[in-house]
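Report on the structure
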Amino acid sequence: ERLRNERDALTNTEELRLQEMARTEAGNQCRLMREWINKNKGAFIQTVYGPCRLVVNVQQSHHRALVEAHVANWIWHSFVCQTKRDYDTCIEYAQKCGEQFRMVNFLLASNDSTPQSSSSQLWSKEYIESKLYPLGVQGILSDLVTCPPPVLKALNDHAGLNSALFGENNLQMNLDRASDDQTIANLLLPRGVDRYVAFILKHQQQRGKRAANIEIIRYQAIRSRYARGDISTLIGQAYQKNVLGEPSDETKINELTMSITQAEQIIQDLSDKFQAANQQKVAAKKLVEKTKKDFETSNETIKKLTTAKSEVASAKRMAETKKRELADADKEEERDRKKYQKQLEAKIQAAIRAAQSAASFSHQVYSDTAKATAPFIAKSFCKQHVDRLQRSVENAKKALNEYERKKDELAQAFRKCKEKALVARKIAEEQSPCTPLEDYEEQLNNLPTSVEAVDQILETEQEAAKIIQDNPQLLEQYNDLMQKLQRAEKQYEDLEADAETRQANLDKIRAPWESTLRNALIALREKFSFYMSRLNARGDVEIAAAPTYDKWGLVIKVAFRDGAPMSKLEAHVQSGGERSISTIMFLMALQAHMPSPFRVVDEINQGMDETNERIMFKRIVLNSTGPTAPQYFLITPKLLQNLEGLDHPDVRALIVFNGAYNLDNQFPITSFLDKKRKLENMSEDDHNAMTDD
């Protein structure tokens, strides 16, 4: 019975495709729409075909790969209507059902018995045989397809199947040369042909009827309608979508038929043996019962062993955890020891700097005193009056007394600092014993320990100071710099306190701000995801957080192939058309959250292929029509024919002409311009004379 079912399934290719199609959400929606159309055939004037992936056949597997790579996913999930009334009936039912058929599309194509093929529209049959075959062209995609005429016409109109060439290495070599060889370019784009698409099939490895490891390269050439008619070429890699399925395998059907005959004979032979086997069954049943009891006993033993093994593993894990905790404790203790050692070294260094600062200040005092007394001593030799000499001597004595007093104070301060340093060192060594710092200990031991030694150092420094040029402003400059340093430190402290206050205030308002932002993002993501699903693709928007708010942003992620993960919208990941249509769908979703009385878009469709441009225009019409929609201006130098939505009552197409010859004869622009040029060339006197006249 299984072999019969398998043979019947192979003979019914359409049923196989229907089962394969129903595995995806879009395919399941197409299956439900097809069932509704079949139940309501009486409501249609002519036959409604579809979905396209169910009624289109391509015999060769590598040819199927080319057709699947060229035709967009939304076309495969489309139904083809032959009359406007049937088209409106399908659209009305789909809209009535809402989201149930959101991935189903409908196309309108007339029922021509001989639809125009690629040969009659772009290149004649004679032209292909004489001009294009030598270039490596093997044919046109529309010639590979077998389907009802209206479906073929819809594929030609909406997918450009009749303008797509295909070939292999020889065609690729000539296409690469076309940018430099004008002769080849003119053969591919003769007069009356402004664009073509070519597919290169590479690296085929046949496995029966199925092609494996197929690589497809896509060339798209467009002749500019402006300027010199330059030709621009886009080259990229195309991918097989596996939507059309395999044709009926007659060989396998015959093999299954023979297998069925042999199976029937085997069944007849086995029926005789069944009686003998039935007798053996009774004996085997008893043996099974005994074996079952033995198995239950063994199973209990295995459970006990498994429990013991689990307990041993748990004990090992606990031992490893304790071992890691001990290691972490040792590391923490080592970090604390190093931390306290660094703190001790810092305190000793600070004590040394304080002692050095005291000695430096003492030296400065002696130097300033010497500088202050030197003028008085020099002036005493020039005095002519005894009373002035006596006053100078008295002043010198007072200065000397003051000097002695300051010297004693500094010496006492130095001794106190040294004693404090020694006490701090002793305390530090008691609290955290460590290896003595020989360099610091040597510096401390070299410091003078008596007032006489300090006096001797001061005398040496005074002798050295006498050689230095006197600069009375040096102390003032030093004091000014110290005051500026204090003011700068205070400003720094104020700025730091102000920064902390601002950060605290910013943290208070961050939570509600970020909550509002993420709530708005939810609605934006839903709309963008819905818009991308209409393309049989997926899309998402995420927040790219940063340390500062001015660097926050949004990340757009898309995926255009089934099973592929969503990736960031970037130039080196997606194609140009994918980036353009993704960006436009994101802007359309974003505009719903930005109220405006009107919007203006300039040349948004430039550089798009025909399929994406039609989808883009349909979305703009849906978002900009209705009683609550804002006014929308789409400025473009060209539009495609038969765009869906142009017949909407809210859509107006305004064609603007420019030039001097578009006005009525009562406004002779040419004569106006001539008079303007004459006025510009006239002198000022002539202009005034003409004005007076």
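Being a predicted model, the structure only gives us computed values, none of them experimental.

Take the environment of Lys 131 next. Note that Lys 131 resides in helix α9 (residues 125-132). For the pair Lys 131 and Leu 187, spaced 56 residues apart in sequence, the C-alpha to C-alpha distance is 6.7 Å.

Turning our attention to the nonpolar core. Ranked by size, the top nonpolar core spans 61 residues in total, and within it Val 56, Phe 199 and Phe 528 carry the most contacts. When sequence neighbours within four positions are dropped, the list of residues in contact with Val 56 reads Arg 17, Trp 76, Val 145, Thr 146, Cys 147, Val 151, Leu 155 and Leu 244. In this structure, Leu 132, Leu 189, Ala 198 and Ile 200 belong to the second largest nonpolar core, which totals 21 residues.

What follows deals with a negative patch on the surface. On the surface, Glu 489, Glu 493, Glu 496 and Glu 500 cluster together into a patch of negative charge. If you trace the backbone, Glu 489 turns up in helix α17 (residues 473-533).

Interpreting fine coordinate detail is not advised for predicted regions of low pLDDT. Here the protein chain shows a mean pLDDT of 76. Residues at 70 or above account for 74%. Element-level mean pLDDT values for the protein chain span from 43 in helix α8 (residues 118-121) up to 94 in strand β1 (residues 78-81). Note on residues 113-120: pLDDT under 50 across the span, and 19 contacts to partners over four residues away in sequence or across chains. Residue range residues 372-385 is modelled with pLDDT below 50. Its contacts to residues more than four positions away, or to other chains, number 5 contacts.

A cluster of nonpolar side chains, namely Phe 598, Val 600, Phe 633 and Ile 635, defines an oily patch on the protein surface of about 360 Å² accessible area. Counting only elements with at least two residues in the nonpolar patch, the list comes to β13 (598-602) and β14 (631-635). Take Ile 635: it is sitting in strand β14.

Leaving glycine out, the prevailing phi sign among residues is negative, and the prevailing peptide bond configuration is trans. A cis amide bond, omega -5°, links Gly 50 with the succeeding residue Pro 51. Examined against the element boundaries, Pro 51 turns out to sit in the loop between α3 (25-39) and α4 (52-55). Positive phi, close to 60°, is recorded for Asn 536, a residue that is not glycine. Residue position: Asn 536 is located in the loop between α17 and β10 (538-544).

Take the layout of surface pockets next. Its boundaries defined by the atoms lining it, the second largest pocket holds a volume of some 840 Å³. In terms of lining residues, the second largest pocket is bounded by 26 residues, among which Tyr 632, Leu 634, Arg 652, Ala 653 and Leu 654 are the most central. In terms of residue count, β14 provides more of the lining of the second largest pocket than any other element does, 5 residues in total. Tallied by class, the residues present in the lining of the second largest pocket amount to 18 nonpolar, 5 polar and 3 charged.

On to the pairing of strand β5 (residues 195-202). Counting buried positions along β5 gives 7 out of 8 residues, so the element sits mostly inside the fold. Of the pairings in the sheet, the one linking strand β4 (residues 164-167) to β5 comprises 4 bridges and is parallel in character. Its bridge partner lying in β5, Leu 165 is registered against Ala 198. Where β5 and strand β8 (residues 215-223) come together, 8 bridges link them in antiparallel fashion. Paired with Leu 201 across the two strands is Ile 216, which belongs to β8.

Parameters and conventions
- Residues numbered from 1 in each chain as written.
- Predicted model: local features only at pLDDT ≥ 70, side-chain atom pairs only at ≥ 80, totals over all residues.
- Heavy atoms only, no water.
- Helix = DSSP H or I, 4+ residues; strand = E, 2+ residues; numbered from the N terminus.
- Core = buried A, V, L, I, M, F, W, Y, C linked by side-chain atoms within 4.5 Å.
- Buried < 20%, exposed > 50% of the residue type's maximum accessible area, 1.4 Å probe, protein only.
- Contact = heavy atoms within 4.5 Å.
- Patch = residues over 30% accessible without salt bridge, like charges linked within 9 Å, V, L, I, M, F, W, Y side chains within 5 Å.
- Areas by Shrake-Rupley, 256 points an atom, 1.4 Å probe, with all protein chains shown as cover.
- Salt bridge = Lys/Arg side-chain N within 4 Å of Asp/Glu carboxyl O.
- Lys, Arg positive; Asp, Glu negative; His and termini not counted.
- Charge placed at Lys NZ, Arg CZ, Asp CG, Glu CD.
- pLDDT = per-residue confidence, 0-100.
- 1 Å grid on protein atoms, 1.4 Å probe; cavity = no way out; pocket = protein on both sides within 12 Å on 5 of 7 lines; lining within 4 Å.
- Points joined across faces, edges and corners; volume = space filled by probe spheres on them.
- Nonpolar A, V, L, I, M, F, W, Y, C, P; charged D, E, K, R; others polar.
- Pairing = 2+ DSSP bridges.

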